[in-house]
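Structural features, examined
Chain by chain, the residues:
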Amino acid sequence: MEPQQRSPLLEVKGNIELKRPLAKAASRLPLSGRRLKRGPDQMEEALEPEKKRTRGLGTRVTTTHPRAAALNSAPQTQGQTAVPRAPRKSAPRCSMAIAPVLKTQKPGPVVPAQKPGTTAAPPMVGGKKPKRPAWDLKGQLCDLNAELKCYRERKQVLDQENQQLQDQLREAKQQASVLGAERRTLEEELTRVRAQAEQGQRELGNLSARVLELEERLGTQEGLVQELQQEQLRLQEERRGLAAQLGEQERRLQTSEASLLDSQAEVASLRQEAAAREAVLAEREDRLHGLEMERRRLHNQLQELKGNIRVFCRVRPVLPGESTPSPGFLQFPSGPCGPSDPPTRLSLSRSDERRGTLSGAPAAPTRHDFSFDRVFPPGSGQDEVFEEISMLVQSALDGYPVCIFAYGQTGSGKTFTMEGGPGGDPRLEGLIPRALRHLFSVAQELRGQGWTYSFVASYVEIYNETVRDLLATGARKGQGGECEIRRAGPGSEELTVTNARYVPVSCEREVEALLHLARQNRAVARTAQNERSSRSHSVFQLQISGEHAGRGLQCAAPLSLVDLAGSERLDPGLALGPGERERLRETQAINSSLSTLGLVIMALSNKESHVPYRNSKLTYLLQNSLGGSAKMLMFVNISPLEENVSESLNSLRFASKVNQCVIGTAQANKK
Ligand code: ADP
Ligand code: MG
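So, here's what we can say about the structure. All values reported here derive from a predicted model rather than from experimental measurement.

With that settled, consider the packing of helix 7 (residues 382-397) against helix 9 (residues 431-447). Where helix 7 contacts helix 9, the two axes come as close as 9 Å, and the packing angle between them is 50°. What the angle tells us is that helix 7 and helix 9 run oblique. Read as a crossing pair, helix 7 and helix 9 show a hand that is right-handed. Taking contact as the criterion, the partners of Gln382, Asp383, Val385, Phe386, Ile389, Ser390, Val393, Gln394 and Leu397 in helix 7 are, on helix 9, Leu431, Arg434, Ala435, His438, Leu439, Val442 and Ala443. Per-class residue counts for the contact of helix 7 with helix 9 are 10 nonpolar, 4 polar and 2 charged.

With that settled, the discussion passes to the packing of aromatic side chains. Applying the stated rule across the entire model yields 9 aromatic pairs. Seen from their ring centres, Phe440 and Phe455 are 5.2 Å apart, and the 80° between their planes marks the pair as edge-to-face. Here Phe440 is found in helix 9, whereas its partner Phe455 is found in strand 7 (residues 451-463), with 15 residues between them in sequence. Overall, Phe440 belongs to the buried group, its relative accessible area being 11%. Here Phe455 falls in the buried class, since its relative accessible area comes to 5%. Through pairs of rings, three or more aromatic residues link up here, namely Phe440, Trp451, Tyr453 and Phe455. Its guanidinium or amino end placed over the ring of Trp451, Arg296 lies 4.6 Å from that ring's centre, counting from NZ or CZ. Between Lys631 and the ring centre of Tyr400, over which it is positioned, the NZ or CZ distance is 4.6 Å.

With that out of the way, let us pick up the side chain of Asp469. When you line up the elements, Asp469 lands in strand 8 (residues 466-469). A distance of 3.0 Å separates the side chain of Asp469 from the backbone nitrogen of Leu471, its partner in a polar contact. At a separation of 2.9 Å, a polar atom in the side chain of Asp469 contacts the main-chain amide nitrogen of Arg501.

Cut-offs and rules
As a convention, each chain's residues are numbered from 1 in the sequence order in which they are written. The order in which chains are written sets their letters, starting at A; the order in which ligands are written sets their numbers, starting at 1. Local features are withheld for residues below a pLDDT of 70 in this predicted model, meaning they are given only at 70 or higher, and side-chain atom pairs are given and counted only at 80 or more; totals for whole chains, interfaces and linings count all residues. Neither water nor hydrogens contribute to the side-chain values; these are computed over all heavy atoms in the structure. To obtain each axis, a line is fitted to C-alpha atoms, and for helices this fit is confined to the stretch in contact; angles are then taken between N-to-C directions over 0 to 180 degrees. A helix here means a DSSP run of H or I that spans at least four residues, while a strand means a run of E at least two residues long, and both kinds are numbered starting from the N terminus. These descriptions rest on fixed angle ranges, namely under 35 degrees for roughly parallel, over 145 for roughly antiparallel, 65 to 115 for roughly perpendicular, and the rest for oblique. Handedness of a crossing follows from how the near helix is turned relative to the far one, being left-handed for an anticlockwise turn of less than a right angle and right-handed for a clockwise one. Any two residues whose heavy atoms approach within 4.5 Å are treated as being in contact. Polar here means any residue other than Ala, Val, Leu, Ile, Met, Phe, Trp, Tyr, Cys and Pro, which are nonpolar, and Asp, Glu, Lys and Arg, which are charged; Gly is therefore polar. Only Phe, Tyr and Trp rings are paired, with Trp represented by its six-membered ring, and only when their centres lie within 6.5 Å; those with planes under 30 degrees apart are stacked, over 60 edge-to-face, the remainder tilted. Each residue is assigned to one of three classes by its accessible area relative to the maximum for its type, calculated with a 1.4 Å probe on protein chains only: buried under 20%, partly exposed between the two thresholds, exposed over 50%. Lysine and arginine charges are scored as sitting over a ring when NZ or CZ, respectively, is within 6 Å of the ring centre and within 35 degrees of the ring normal. Here a polar contact is recorded for every N or O atom pair within 3.5 Å, except that within protein the pair must consist of a potential hydrogen donor and a potential acceptor, and residues adjacent in sequence are included only if both atoms are side-chain atoms.

What follows is the structure, given as structure tokens:
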């Protein structure tokens, strides 16, 4: 045996193989373990009843002992399964010896006993041992001895066998104890193996769970990998697309670069061309500027030749409802060049009723001739009138102060001339809106030559030697706190009206709004007894400032458009009621200011050292627009009615005086 090399299970199997023949052998034994332990005497005792029965029966030997049969049949039945055993020397002999004995035990016919003294064995009848006769005691004894001997031999054999069996038993017990020990070892081993198996099972379980988890993760990872692969495919596709785009862009870039080079070359040549043009342009600009300055100079010269003080006479048409004057009352003789020449003369015929002839016939009307720079008969339109003064507006832009008056009795058409007719008809627009529109448009044209202009408007009225703002809004509207005329600053030539609004304007609409506001303010101030607007001077002033930044040139001049108060005088013969007294006061104030205006113009004309500007608010306010470099235009407005002839003559005489004045040589206010 090689216990170290064989597994315990194989050892067990080997032992079981060994044990099986032993067990079989034991089972074939007729004796139990208890009986096996008996000694030879006990064996003999055991055999005794059979002897006794045999003896007792005398002739009949029977045995129920299965041993004989077992022993007989053993070689035949156990031939295949029996394991070779230690040779039993006595067994075959014993069985052969026993066989005849057993055969004799079978029941058979009772044989008469042999007679005593007979020793020979009875003859065999039919192969069977003949029964000794009853008397053959010796023979029987002999048989019994032989039988006893046989039993003894058999006992001996059995003892030996017993001994062997006991040896085998001992051996088997030893084997059993060894096997028990082995079994325990194996059981322990089994327990350990089971524990290991359980542990393994647990680990297997854990591992299975882990495997499941890993499989799950693997599944997720695989999904992820698939997604990534798809993403990769998409990106590859995109990359291919981008690469194609890039290629396209590169091609375009190359084309663009080529065209850029062409363009750069073109730009370079264009720049050269532009530089050349710029040089030409600068030269032309210089020339243009020189021409502009020359134009200004010539324009001014022309204006001066026309006279720095000019007087235009305008006769308004007869209005509906008014009595038509007698023919020849007003005449407009043609100029030296005939009817195509603009009229400059006016003749007024006056029939003096006080001067009668001695015969009592009415005296021939006295004819009064007047000559002015221009005379506008009743049919003259607003545009015609403006055309004549547009040159003066140009002078204002060139930097010369310009002042335009409308002088005449109330109702002679002063306001119509300055502001325009009623109803907002553009054809009836007066000098103020037309002059401003002209200024804005010329300023726009001059912008192209580098001049920028700004305009600030103010509109005040002087009533009874008080100044009131016609552009007042809100609470001051119509009421207006008193305004004062002050110098803009210490040592400044510029004058400003305190509390008056100075509104920057840049378009016609703004000017229209201002004129509308002024009309509203005048309407609020109107009273039942007094048409105040005709009893006050309205002064619209526009401060014009121009700048040529490129050449550092500046010019500034005021344009003043004055609608004077009615020049009519009160009839001194009229009885003075309270209303008339007030009217007289107004009239005195008006007359005073108008005569001051005349005196100022005369003083300027005579180049007197003192010019009485301060004698009236009007001349004080307008002092910068009169004299010196200023250009003055006076409209003398005449009523076409015969009933107004006296006032018309007064106006015409005043205007004639003014017309005779020549104020210095106008100088542009250039800085
Ligand atoms: P003033 O201001 O001198 O008092 P207005 O300008 O108010 O006079 O004129 C008095 C009236 O005569 C107004 O109804 C005016 O419309 C009208 N009028 C004045 N001049 C003309 C003219 N040239 N053409 C038509 N109507 C005129
Ligand atoms: Mg008026």
